[in-house]
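Coordinates in review
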Amino acid sequence: MPLLIVRTLIGLHGKEGVLAAAIGKDMKGKISVYIYIVAIAVGFWSGWGALILYGVIAVIWIVPDRRIEKRIVSAAKPNME
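Time to look at the overall build of the chain. If you tally the helices and strands in the chain, you get 5 helices and 0 strands. In sequence order, the chain lays out its α and β elements as α-α-α-α-α. Residue burial in the chain is summarised as follows: out of 81 residues, 20% are buried. In the chain, the proportion of contacts linking residues at least 24 apart, taken out of those at least 6 apart, comes to 51%. In the form shown here, the chain has an accessible surface area of approximately 6,200 Å², with 72% of it arising from carbon and sulfur atoms.

Right, dumping it as structure tokens:
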């Protein structure tokens, strides 16, 4: 998830909420932002280099992030019984 959206949702639901616990440190999101910044800088010298970095970000996010789904399902189970 983009870092801005994640921070907005955590602010809305609270820092102690299920979503905040599921997101944790959100390394994928932070790494993506840094790679975007590097890709923009690299783009001034090498268009192909920037495209490769954007491709790396896409590959990172192709792998599904199951943290949110697992936490929400486990938090809902006690209420379902």
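It is worth spelling out the confidence of the model for the chain at this point. Residues with a pLDDT of 70 or more make up 84% of the chain, whose mean pLDDT is 81. Least confident of the elements in the chain is helix α5 (residues 67-80), whose mean pLDDT is 67; most confident is helix α4 (residues 47-62), at 93.

On to the nonpolar core, then. Among the nonpolar cores identified, the biggest contains 5 residues, and these are V6, I10, L19, A20 and I23. Contributing elements (two or more residues each) for this core: α1 (3-13) and α2 (18-23). The greatest single-element share of this core, amounting to 3 residues, is contributed by α2.

What follows concerns the packing of aromatic side chains. On inspection of all chains with the given rule, the structure shows 1 aromatic pair. On the basis of an interplanar angle of 45° and a centroid distance of 5.8 Å, the ring pair of Y36 and Y54 is categorised as tilted. On the criterion of sequence distance, the pair formed by Y36 in helix α3 (residues 27-43) and Y54 in helix α4 is long-range, its members being 18 residues apart. The exposure class assigned to Y36 is partly exposed, which follows from its relative accessible area of 40%. Directly above the ring of W61 sits K28, whose terminal nitrogen or CZ lies 4.7 Å from the centroid.

This part takes up a nonpolar patch on the surface. Together, Y36, I40, F44, W45, W48, L51 and Y54 line one region of the surface with nonpolar side chains, adding up to about 960 Å² of accessible area. Contributing elements (two or more residues each) for the nonpolar patch: α3 and α4. When residues in the nonpolar patch are grouped by element, the largest group, 3 residues, is from α4. Since its relative accessible area comes to 32%, Y54 is described here as partly exposed.

Attention now goes to the side chain of S32. Inspection of the secondary structure puts S32 in helix α3. Polar side-chain contacts of S32 include one of 2.6 Å to the side chain of W61. Those residues in contact with S32 that lie beyond four places of it in its chain are I57 and W61.

Rules behind the numbers
- Residues numbered from 1 in each chain as written.
- Predicted model: local features only at pLDDT ≥ 70, side-chain atom pairs only at ≥ 80, totals over all residues.
- Heavy atoms only, no water.
- Helix = DSSP H or I, 4+ residues; strand = E, 2+ residues; numbered from the N terminus.
- Buried < 20%, exposed > 50% of the residue type's maximum accessible area, 1.4 Å probe, protein only.
- Contact = heavy atoms within 4.5 Å.
- Areas by Shrake-Rupley, 256 points an atom, 1.4 Å probe, with all protein chains shown as cover.
- pLDDT = per-residue confidence, 0-100.
- Core = buried A, V, L, I, M, F, W, Y, C linked by side-chain atoms within 4.5 Å.
- Phe/Tyr/Trp six-rings, centres within 6.5 Å; stacked < 30°, edge-to-face > 60°.
- Lys NZ or Arg CZ within 6 Å of the ring centre and 35° of its normal.
- Patch = residues over 30% accessible without salt bridge, like charges linked within 9 Å, V, L, I, M, F, W, Y side chains within 5 Å.
- Salt bridge = Lys/Arg side-chain N within 4 Å of Asp/Glu carboxyl O.
- Polar contact = N/O pair within 3.5 Å; in protein donor to acceptor, adjacent residues only side chain to side chain.

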